[in-house]
Amino acid sequence: MTSGTSSESADCIGGDAVGAQRGRGRPRDPHVDNRVLAAARELVGELGYHQVTMESIARRARVGKATLYRRWPNRASVITDAFADELAEPPTPDTGELRTDVLAYLREIVETLTLLGDPSVVASALAERGQEGEAGLRDILRARRGPGLRMLQRWVAAGLLPESLPVDVVVDGWAGFLLYRIVFGRQVPGDGELGQLVDLLPRGD
């Protein structure tokens, strides 16, 4: 991977995780924006994040590179905008079963951290951007903290989890484990390991 690619990968989760900063210019044409974002999503799906370039996005969207750069400073900012919905706060799992709720919650975090198909995207962002990369990753995980707390609090109220359960510690512990395993260990936990996390939950009286 070239230094340019590493820099663009790092930009992907730096700063604001769900909205890339754009340059100033002429009034925006939403039709052009929509074509560009659709093109970025298609190319990531077809080629993987690391193989997508500003040139390929412009070509697929049928716009000039100058038009593209007036709206987004780099490839990473285009892709971040294209996947903004997936990076935003997800709904709180409510399947009617404690175990399936927690598994759904954990799977969503895993899917988010591997959204672009390769944990190295997040890892390179942290390495290249330091505190800015950490802030972007923190924003992504913070958006998932509220749903996790609400999910556990609902099951505490239902009596399936003890009232003494420190739900904030549990949710943060899950995030820390998944972050370590995916970003630093470069391993994606499967349902077996996620199920073990569920089994560690104490049951209510």
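Residues numbered from 1 in each chain as written. Predicted model: local features only at pLDDT ≥ 70, side-chain atom pairs only at ≥ 80, totals over all residues. Heavy atoms only, no water.

**Concerning the overall build of the protein chain**
And step 1. From N to C terminus, the protein chain includes 11 helices and 0 strands.
And step 2. When burial is assessed residue by residue, the protein chain has 47% of its 205 residues classed as buried.
And step 3. Of all intrachain contacts in the protein chain linking residues separated by at least 6 positions in sequence, the fraction that spans at least 24 positions is 74%.
And step 4. Surface exposure of the protein chain reaches about 10400 Å², of which carbon and sulfur atoms provide 50%. (Helix = DSSP H or I, 4+ residues; strand = E, 2+ residues; numbered from the N terminus. Buried < 20%, exposed > 50% of the residue type's maximum accessible area, 1.4 Å probe, protein only. Contact = heavy atoms within 4.5 Å. Areas by Shrake-Rupley, 256 points an atom, 1.4 Å probe, with all protein chains shown as cover.)

**Digging into the nonpolar core**
And step 1. Within the largest apolar cluster, 29 residues are counted, with the highest numbers of intra-cluster contacts made by Val-102, Leu-106, Leu-152, Leu-161 and Trp-174.
And step 2. Broken down by secondary-structure element, the contributors of at least two residues to this core are helix H7 (98-113), helix H9 (131-157), helix H10 (167-184) and helix H11 (191-199).
And step 3. Ignoring anything within four residues of it in the chain, the contact list for Leu-152 reads Leu-161, Val-167, Val-170, Val-171 and Trp-174.
And step 4. Judged by nonpolar contacts, the second largest core, of 23 residues, contains Ala-40, Leu-43, Met-54 and Ala-82. (Core = buried A, V, L, I, M, F, W, Y, C linked by side-chain atoms within 4.5 Å.)

**What to know about H11**
For an α-helix, 3.6 residues make a turn, and residues three or four places apart therefore share a direction.
And step 1. Among all positions in H11, only Leu-194, Gly-195, Leu-197 and Val-198 are buried. End-on, the buried residues of H11 take up no more than an arc of 155°, which puts them together on one face. Residues of H11 that are exposed and point more than 90 degrees away from the buried face comprise Gly-192 and Gln-196.
And step 2. Lining the buried residues of H11 we find H7 and H10. (Arc of directions from axis to C-beta.)

**Side note on the confidence of the model for the protein chain**
Caution applies to low-pLDDT regions: their predicted coordinates should not be interpreted in detail.
And step 1. With 80% of its residues at a pLDDT of 70 or more, the protein chain shows a mean pLDDT of 82.
And step 2. Predicted confidence is poor over residues 1-11, with pLDDT under 50, and the contacts of this stretch with residues over four places away or in other chains come to 23 contacts.
And step 3. Within the model, the stretch residues 14-25 combines pLDDT values under 50 with 32 contacts to residues more than four positions away or in other chains. (pLDDT = per-residue confidence, 0-100.)

**Let's talk about the packing of H7 against H11**
Each pair of packed helices can be summarised by the angle the axes make with each other and by the distance between the axes.
And step 1. Packing of H7 against H11 leaves a shortest axis separation of 10 Å and a crossing angle of 130°. The pairing of H7 with H11 is recorded here as oblique in orientation. Between H7 and H11 the crossing geometry is right-handed. When H7 is examined against H11, the residues Arg-99, Val-102, Leu-103, Leu-106, Arg-107 and Val-110 are found in contact with a partner set consisting of Asp-191, Leu-194, Gly-195, Leu-197, Val-198 and Asp-199.
And step 2. Classifying every residue of the contact of H7 with H11 gives 7 nonpolar, 1 polar and 4 charged. (Axes fitted to C-alpha atoms, helices over the stretch in contact; angles between N-to-C directions. Parallel < 35°, antiparallel > 145°, perpendicular 65-115°, else oblique. Left-handed = near helix turned anticlockwise from the far one by under 90°. Nonpolar A, V, L, I, M, F, W, Y, C, P; charged D, E, K, R; others polar.)

**Considering the environment of Val-52**
And step 1. You can see Val-52 is positioned in the loop between helix H2 (30-47) and helix H3 (54-61).
And step 2. Using a relative accessible area of 0% as the deciding quantity, one classes Val-52 as buried.
And step 3. In this structure, the C-alpha to C-alpha distance between Val-52 and Glu-42, residues 10 residues apart in sequence, is 10.0 Å.
And step 4. Not counting residues within four places of it along the chain, the set of residues in contact with Val-52 comprises Leu-43, Val-44, Ile-57, Arg-75 and Ile-79.

**Things to note about the pattern of salt bridges**
And step 1. As enumerated under the stated definition, the model contains 14 salt bridges in all.
And step 2. Among the salt bridges present, the one from Asp-191 reaches Arg-107, with a minimum N-O distance of 3.0 Å. Separated by 84 residues along the polypeptide, Asp-191 in helix H11 and Arg-107 in helix H7 bring together distant segments of the chain.
And step 3. With relative accessibility at 43%, the residue Asp-191 sits in the partly exposed group.
And step 4. Exposure remark for Arg-107: the relative accessible area of 32% places this residue in the partly exposed category.
And step 5. In this structure, Asp-139 and Arg-142 form a salt bridge, with 2.9 Å as the shortest nitrogen-oxygen distance. Of this pair, Asp-139 and Arg-142 both sit in helix H9, separated by 3 residues, roughly a single helical turn.
And step 6. For Asp-139, a relative accessible area of 28% corresponds to the partly exposed category.
And step 7. For Arg-142, a relative accessible area of 48% puts it in the partly exposed group. (Salt bridge = Lys/Arg side-chain N within 4 Å of Asp/Glu carboxyl O.)

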